[in-house]
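# Fold and geometry: a report
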Amino acid sequence: MMVVGGLCALVHGAASPLMLLVYSMMTNTFVAYELEVQELADPNKTCINNTVTWTNGSVVEQEDNKTVSCGVDIEAQMTMFAYYYVGIGLGVLIVSYCQIYFWVSAAARQTQRIRKKYFRKIMCMEIGWFDCTSVGELNTRISDDINKINSAIADQVAIFIERFSTFIFGFLVGFVGGWKLTLVVIAVSPLIGLAAGLMAMGVARLTGRELQAYAKAGAVADEVLSSIRTVAAFGGEDKETDRYDRNLEEAQTWGVKKGAIIGIFQGYLWCIIFFCYALAFWYGSKLVIETKELTPGTLIQVFFGVLMGAVNLGQASPCLEAFASGRAAAKSIFDTIDRMPEIDCFSEDGHKLERVKGDIEFHGVEFNYPSRPDVKILDDLNLVVKAGETTAFVGPSGSGKSTALQLIQRFYDPKHGMVTLDDHDIRSLNIQWLRSLIGIVEQEPVLFATTISENIRFGRTGVTMEEIIQASKDANAYNFIMDLPQKFDTLVGEGGGQMSGGQKQRIAIARALVRNPKILLLDMATSALDNESEATVQEALDKVRPTGRTTISIAHRLSTIRNADVIVGFEHGCAVERGSHSELLDRKGVYFTLVTLQNQGNVSNQKTIMEMRLMFNRQSLRMRTQSQMSNNLIDAISGELRLRTDSFKSTESAPVARILKYNQPEWPYMFLGSLGAAVNGSVNPIYALLFSQILGTFAIRDLDEQRQQINGICILFVIVGCISFFSQLLQGYAFAKSGELLTRRLRKIGFQAMLKQEIGWFDDPRNSPGALTTRLATDASMVQGATGSQIGMIVNSLTNIGAAFIIAYYFSWKLSLVVTCFLPLIGLSGVFQAKMLTGLANEDKKAMEAAGQVSSEAMANIRTIAGLAKEKHFVDLYEQQLEPPYKAAKKKAYVYAICFAFARCVTFMAYAASFRYGGYLVNYEGLHYVVVFRVISAIVISGTALGRASTFTPDYAKAKIAAAHFFKLLDRVPKISINQAVGQRWADFKGRVDFKGCRFTYPSRPDIQVLRGLEVSVSPGQTLAFVGSSGCGKSTSVQLLERFYDPDEGQVLIDGHPSHGVNVPFLRSQIGIVSQEPVLFDCTIAENIQYGDNLRSVSMEEVVEASKKAYLHDFVMSLPDKYETQVGAQGSQLSRGQKQRIAIARAIVRNPKILLLDEATSALDTESNNSVHSSGNAFRMIFECVGGNLCPLSQKSICETVQAALDEARRGRTSIVIAHRLSTIQTADIIAVMSQGVVIEKGTHEELMAKRGAYYKLVTTGAPIS
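How each quantity is defined
- Residues numbered from 1 in each chain as written.
- Predicted model: local features only at pLDDT ≥ 70, side-chain atom pairs only at ≥ 80, totals over all residues.
- Heavy atoms only, no water.
- Helix = DSSP H or I, 4+ residues; strand = E, 2+ residues; numbered from the N terminus.
- Buried < 20%, exposed > 50% of the residue type's maximum accessible area, 1.4 Å probe, protein only.
- Contact = heavy atoms within 4.5 Å.
- Areas by Shrake-Rupley, 256 points an atom, 1.4 Å probe, with all protein chains shown as cover.
- Pairing = 2+ DSSP bridges.
- Axes fitted to C-alpha atoms, helices over the stretch in contact; angles between N-to-C directions.
- pLDDT = per-residue confidence, 0-100.

### Here's the deal with the overall build of the protein chain
Across its full length, the protein chain holds 43 helices and 22 strands. The buried share of the protein chain, reckoned over its 1266 residues, is 62%. Residue pairs in contact within the protein chain that sit at least 24 positions apart in sequence constitute 81% of those at least 6 positions apart. Summed over its atoms, the accessible surface of the protein chain is roughly 46500 Å², and 57% of this surface lies on carbon and sulfur atoms.

The structure is reproduced here in structure tokens:
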């Protein structure tokens, strides 16, 4: 296809030089006719037998004794030439259609193939590669960079071949006409080639740098949009916009440099070309007049051949720019495609054991994460896990427990030593088969945005509905599922967002159980559950451990692993002790310390306390890719795209005037650029004048006058060349500057607009982080297609057309009218092309967004997918989503080719009609042949300008659609405004909170009411604790207080003011929040803590002070870079305990009047829990140790200092705590027990215990709350 397309482009390129041969003969005919007319103007001369004779019959002779021929039948000759033109035109119609259609189709196919290969390769990469590669960057590459490759290999290649062919054939025609003159011109042409080469190199390098900067900005946007709740809670919108803008600024700098370089080289090219013309014409005229080696026609043939060749070489340079951009983009893509994964999950290698017992053994394993090669995580780990036994791993955060599980799943390979299954090194086993034996339930389970049954079915291919129901019963999920309106067909939402933490966990357990795995790994599987669910799920897990299943459990709640057959204590990456619960308690080692801490017993042994102290500063360097929300509605099993019907209504294109308004600050640049473009546009009509003048000189009899005119025209060429250099430079730089500034401004404004939306907007699957990041990247750069260099093209074309028309109509309005008749045809094909492509661009964008959502979800949740061995499934799903854009691209190729071919063919038809009519005017109306050439070349040149403008119509169409999407976002009025000027503020903020009859349903799930009349109050300085089952509305109430949502009925009163009337930034500035899964940003520890207060600059002293209160300071000081340590994407370089303490320090810096603790310690191990407890207490969290029971630090003076700090911090502060561990909230002022969205009882711990109601049941037995 590409070969045929290339050949067609080659033939198409030869058409114009072929036309020159006709042109040459036609010029000779016109000159001969003009000389004949001049001779026969004398009444004494006449034409007999094609020779000029005197009326007396003697032959007229010239000075060199030659006769003068005559009898040229100008009309007959012109008719013959017209037929030649029509023939060439029809040929061009066919080949130009083929060249575009074949190349654009081939590009579509290749782009699709590259996308498939790239995604397939990403999905088979080892997890360590993802640790070192940002998901946001991968998303940008898969959308932006592959589009750049497509641009480089689509029509650009065909047009480049065509232009290069014209260049070659132009020079060939020149050699045929006159080799001396052609050689003179060729001697200068290396200068042109040199410029083109240098430009390509410069552009490739700068494009690479620009793409790098944009990828960084994309990673920032992805991080922020994935963590939007944290950003909103801490009022970080402006800070994040600035951070995003800083990365854009770098990209802008590279973009402007690229524009300037293109301008310089384009100007240089044109300048050299003009100097060439001057030299060629000056020397050529000598060959015609003095040596008579050339005729006027062959001079024009040589001259136009060289000119055409040179101009086409110049016009090929934008194609080189596209190739350079494509190559720079392709490098990173192909680097990834060519990279051999260290652990290839698609590999068929490795053997499968016929019978699996389930014995797992670690032999001297040493390991460090690829992202932190200098820190050893496992150090000579020797460990045996016997088949059929339940083994529990315990130890402080960062001791290597989860890492060991990841090695069993072969997410990583050990650096030294080996892990064996039934005495076989797992590296020698087939990886897909190995993972199919393993069921895993993680601490933060990832659900896919499909139904509950499909999520469970994800566990094993071909599972029946009966097995799904059984698994859900085993995981204690059946009852809550049957309470839902759609039961098993309920959509869980993006990332399981419609489910509470406990419900998500139980679905994940059911998914693991349905696999019927030989090895079951539980990584803190019950950490997010309340007492009631934990007890029943734990019972379920105990029940479903049949003989032969090896179970490894990591738990921070040590009560859950007491019944384990073997408990292994981890410390510093080694297994330091092993035994049953009672054996390890007797040994008084790591396990004993952890149990003692958790039981909060009196510990007098100074040694044990010192051991605890050491544990506090444990550095965990576990690299975990945080499961980001999978914000899309791809049905992960069936592969259907479930989007609401209104999801992609066709968007009307945006008005250009509004797009230009955003470019307003750049008017000076645009004015200068337009000035340059106008000068460049008028260069072509000046050609027409000079060329026709050249032709005129050959009909001058007086040789001296002839020479004088020729020299004058050559000097004019030189002047035009110099002007062209400066005007090209001006146009290139000015429009690059204005275009890059616009792109940066639009991205920033778009990002700002996204951050201003209410949280409910982000729950919509169309607004997932992946889709929004893609839209930011593509929409802004597409809008640039309607401004920037596009305006330059329009101004250039308009000036070109305007100047050409003035020249043409001034000299001959009749001939001009005939030629002008063809212009609408050229124009119409451009307009039609734009209309068709606008529709296609819409389809394309919609289809690619769907594929983008699949890739984004897959890459964000790669660990879950790898654990389930479902990589192939996602690859198939992605490839399925690529089919619609591929079909749209094929359709586009067809339309584009027809319009392109028609526009090219019309030019030849215009020549045929114009010269035929010109011959008539010359014959009957005595029009000078120079005027015929002048009018035709002027208007045809203007026509090609129109055609050139039409080749930009695809960009223009995309720009208008992208702008419409963009303006839709900007014009959207958020339901909850974060505008500083909107809503009430008051000076004396006390912190009283009242929930009055609050009813609420999530916008994305309107059929389920979460709150059903919530009534509860908390006075300033009091602590309110919410307890209750998962999904009863505890976290929802906190989100209403933060004003992430507003209640549907009822009110939330803050100091007596209804929350919906309070200024949102003011309200949020009074609230500090520490949530169950704290979100950290990819910057330093200090910057993360400073994030606590974004309304002012937080000093380092305050950061250190807050860290000390959060028991974080000692740990930070033990790191090499201290507070400047990068925490990694989503805080991945830190353990959960460390992340939690940074989150608490962040809240302390805020100095809030209201503190919200949403299950802040539920997922921590005992040691971290105590540290967090102590620091959380600085905020009125219950610190059971203070007051002498147990101080986590050995020195009493420190305890006293902490106690004083706690008393100080507690003063005048309201706290709302959500906790699953009832021990942490026993000293709260009010405990509110919630069930099904209402408070069923409230009071202090003592009051509620005395009532012997729901709370009493919860504390004593963990029975369900009815």
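### Here's the deal with the side chain of glutamate 36
Within the secondary structure, glutamate 36 is located in helix 1 (residues 2-40). Judged by relative accessible area, which is 9%, glutamate 36 ranks as buried. Beyond its immediate stretch of four places on either side in the chain, glutamate 36 contacts Cys70, Gly71 and Val72.

### Remarks on the sheet that holds strand 16 (residues 1049-1054)
The strand order 14-13-16-17 describes an open sheet built from four strands, whose pairing is antiparallel. Two strands close off the open sheet at either side, each with one partner strand: strand 14 (1009-1018) and strand 17 (1057-1058). Strand direction decides the pairing type here: strand 13 (residues 993-1001) and strand 14, joined by seven bridges, are antiparallel. For phenylalanine 995, the partnering residue across the bridge sits in strand 14 and is valine 1016. Running at roughly 110 degrees to strand 13, helix 34 (residues 1034-1041) makes contact with strand 13, strand 14 and strand 16 of the sheet.

### Quick notes on the confidence of the model for the protein chain
Looking at the protein chain as a whole, its pLDDT mean stands at 77, while 84% of the residues score no less than 70. Low pLDDT, under 50, characterises residues 1162-1209; the stretch is placed with 131 contacts to residues that sit more than four places away or in other chains.

### Structural notes on unusual backbone geometry
The residue arginine 410 is not glycine, and still its phi comes out positive at about 60 degrees. Along the chain, arginine 410 falls in the loop between helix 11 (401-408) and strand 6 (416-421). Phi is positive for lysine 487, which is not a glycine, with a value near 50 degrees. Of note, lysine 487 is situated in the loop between helix 15 (478-483) and helix 16 (501-514). Taking the relative accessible area as the measure of exposure, lysine 487 reaches 37% and is therefore partly exposed.

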